[in-house]
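Chain residues, written in single-letter form:
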Amino acid sequence: RDPKERIVSGWKSKVACDVEMKSSVACDVEMEIHELVHIVPKLLDLAGPSSNITARIKRTKRTGREYPCLDLSDFLAVLSHIHSQGKEGSLDTHFLPQHLSCFSDAPPAMWNVVTTISDPNALCSLKSIVSRSANVSNTGEDCQMVKEHNITLSLNLTAADEVILDRITRKEYEMLGSYLAQ
């Protein structure tokens with residue numbers, strides 16, 4: 001997955017302050033809050049006190065329950081502190097750089113298929129490898145994967161946000177750049 005898109009998607013689904021806008025279903029909102037209550041403090045602890053960033057405290061309209069959250073710039077600053085201390089390997093799976101997770105033991109060059117979820121033939125390419133069958137078509141209508149997270153970088157990123165995103169995703173782009181859809 002595109003590293004910058006993955007970071008922004010992780011922020012939006014796990015750390016952003018607009019929990020009630022994400023879902024109209026009460027139980028989904030409560031699940032989101034449960035994650036925020038755990039993920040945000042862990043991120044701040046990992047960044048350490050030198051980051052000088054504190055979570056915003058929001059309250060749901062439905063239940064009045066309080067939860068911690070971060071706006072995008074604060075989230076990126078926290079990630080920047082974590083990366084600058086060499087602690088990115090301890091990040092939650094939603095923010096863990098891909099070169100430290102799925103590609104940590106076997107770089108992309110060692111894989112038979114490296115593709116992105118946005119590749120229209122991704123599912124069939126992967127099926128042919130898993131089934132070890134050359135009879136699986138690598139193209140067609142049934143080859144598209146459903147993209148659960150449709151987050152784009154069309155947010156209003158500040159210049160500082162863009163610098164941080166470039167810095168914290170540099171190693172992922174070095175490893176995955178030639179495999180990412182243009």
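Quick caveat, the model's predicted, so the values are computed rather than measured.

Asks: Before we move on, could you go through the confidence of the model for the protein and cite the residues and values that matter?
Replies: For the protein, per-residue confidence averages 76 on the pLDDT scale, and residues scoring 70 or more make up 62% of the total. Here residues 149-153 is a poorly scored stretch, pLDDT under 50, and it has 11 contacts once near neighbours within four places are set aside; other chains count.

Asks: Account for the environment of S13, naming residues and giving values.
Replies: Following the sequence through the fold, S13 ends up in helix α1 (residues 3-14). C-alpha of S13 to C-alpha of L36: the two residues are 23 residues apart in sequence and 9.5 Å apart in space.

Asks: Outline the pattern of salt bridges, supporting the account with residue identities and numerical values.
Replies: Under the counting rule described, the total for this entry stands at four salt bridges. Residue E172 is joined to R6 by a salt bridge in which the shortest nitrogen-to-oxygen separation is 2.8 Å. Of this pair, E172 sits in helix α6 (residues 159-176) while R6 sits in helix α1, and the two are 166 residues apart along the sequence. With a shortest N-O distance of 2.6 Å, R59 and E66 are connected by a salt bridge. What makes E66 partly exposed here is its relative accessible area of 44%.

Asks: Just give me the short version of the state of the cysteines, but keep the residues and values in it.
Replies: Disulfides are covalent bonds that link the sulfur atoms of two cysteine residues. In total, this model carries one disulfide according to the counting rule given. Paired through a disulfide, C17 and C69 show a sulfur-sulfur distance of 2.0 Å. Between C17 and C69 the sulfur-sulfur dihedral comes to about 95°; the bridge is accordingly right-handed. On the criterion of sequence distance, the pair formed by C17 in the loop between α1 and α2 (19-22) and C69 in strand β2 (residues 66-69) is long-range, its members being 52 residues apart. Here the two residues C17 and C69 agree in accessibility, since each one is buried.

Asks: Describe α6, listing the residues and the values that go with them.
Replies: Look at α6: 24 Å from first C-alpha to last across 18 residues, which is about the 26 Å you get at 1.5 Å a residue. When the local axis directions of α6 are compared, the greatest deviation, roughly 55°, occurs at T169. All of the buried residues along α6 are D161, I164, L165, I168, T169, E172, M175 and L176. Tucked inside the fold, the buried residues of α6 contact α1 and α4 (72-84).

Asks: Describe the nonpolar core, listing the residues and the values that go with them.
Replies: One finds V15, L43 and F75 to be the most contacted residues of the largest nonpolar core, which totals 31 residues. Tallying contributions element by element places helix α3 (residues 26-47) first for this core, with eight residues. Not counting residues within four places of it along the chain, the set of residues in contact with F75 comprises I7, W11, V15, L43, L70 and F95.

Asks: Please provide a residue-by-residue account of the side chain of D161, values included.
Replies: Tracing the sequence through the fold places D161 in helix α6. No salt bridge is formed by the buried D161; the nearest opposite charge belongs to R167, separated by 9.7 Å. Those residues within four positions of D161 in sequence are excluded, and the remaining contacts are S73 and L76.

The rules behind these values
- Residues numbered from 1 in each chain as written.
- Predicted model: local features only at pLDDT ≥ 70, side-chain atom pairs only at ≥ 80, totals over all residues.
- Heavy atoms only, no water.
- pLDDT = per-residue confidence, 0-100.
- Contact = heavy atoms within 4.5 Å.
- Helix = DSSP H or I, 4+ residues; strand = E, 2+ residues; numbered from the N terminus.
- Salt bridge = Lys/Arg side-chain N within 4 Å of Asp/Glu carboxyl O.
- Buried < 20%, exposed > 50% of the residue type's maximum accessible area, 1.4 Å probe, protein only.
- Disulfide = S-S within 2.5 Å.
- Expected span 1.5 Å × (residues − 1).
- Bend = angle between axes of the 7 residues up to and from the residue.
- Core = buried A, V, L, I, M, F, W, Y, C linked by side-chain atoms within 4.5 Å.
- Lys, Arg positive; Asp, Glu negative; His and termini not counted.

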